[in-house]
Amino acid sequence: VQLVESGGGLVQPGGSLRLSCAASGFTFSRYLMSWYRQAPGKERELVAHITSAGGVTNYADSVKGRFTISRDNAKNTVYLQMNSLKPEDTAVYYCYRREGHWGQGTQVTVSS
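Residues numbered from 1 in each chain as written. Predicted model: local features only at pLDDT ≥ 70, side-chain atom pairs only at ≥ 80, totals over all residues. Heavy atoms only, no water.

### Description of unusual backbone geometry
The phi angle of most residues is negative, glycine excepted, and most peptide bonds adopt the trans form.
In step 1: Phi is positive for Asn 76, close to 50 degrees, though the residue is something other than glycine.
In step 2: In this fold, Asn 76 is placed in the loop between β7 (67–72) and β8 (77–82).
In step 3: One non-glycine residue with positive phi stands out, namely Glu 99, at about 80 degrees. (Helix = DSSP H or I, 4+ residues; strand = E, 2+ residues; numbered from the N terminus.)

Set out below in structure tokens:
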């Protein structure tokens, strides 16, 4: 199992970023996928998840209405569209598949 995130960076408050997580080594379309984040000095927290076929999504209250999780099973990729970013969204964002499979993370920094 390999999960590789990309798309992080530095963005001003109110800006947008789209994160991608490219998966390999397993049958991607059979698994629920999740995005987590970890800010400095804080515990890792669930941001969003999406069911295997993409029919059901769930979000942390702190990102509802601003973030959208989606997936393309033909490309073995899960996305996180982040809009109206706030400084408190600054964190390392991780892709996760159950049974303990994490990506390496991608840094998102929201600052003016």
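### Remarks on the packing of aromatic side chains
In step 1: Counted under the stated rule, the structure contains 6 aromatic pairs.
In step 2: Consider the rings of Tyr 96 and Trp 102, whose centres lie 4.4 Å apart with planes at 45 degrees: the pair is tilted.
In step 3: Assessed through its relative accessible area of 34%, Trp 102 is described here as partly exposed.
In step 4: These aromatic residues form a ring-pair network of at least three members: Tyr 36, Tyr 94, Tyr 96 and Trp 102.
In step 5: One cation-aromatic arrangement involves Arg 97 over Phe 26; the distance from NZ or CZ to the ring centre is 4.8 Å.
In step 6: Against the face of Tyr 31 rests Arg 97, its NZ or CZ located 3.9 Å from the ring centre. (Phe/Tyr/Trp six-rings, centres within 6.5 Å; stacked < 30°, edge-to-face > 60°. Buried < 20%, exposed > 50% of the residue type's maximum accessible area, 1.4 Å probe, protein only. Lys NZ or Arg CZ within 6 Å of the ring centre and 35° of its normal.)

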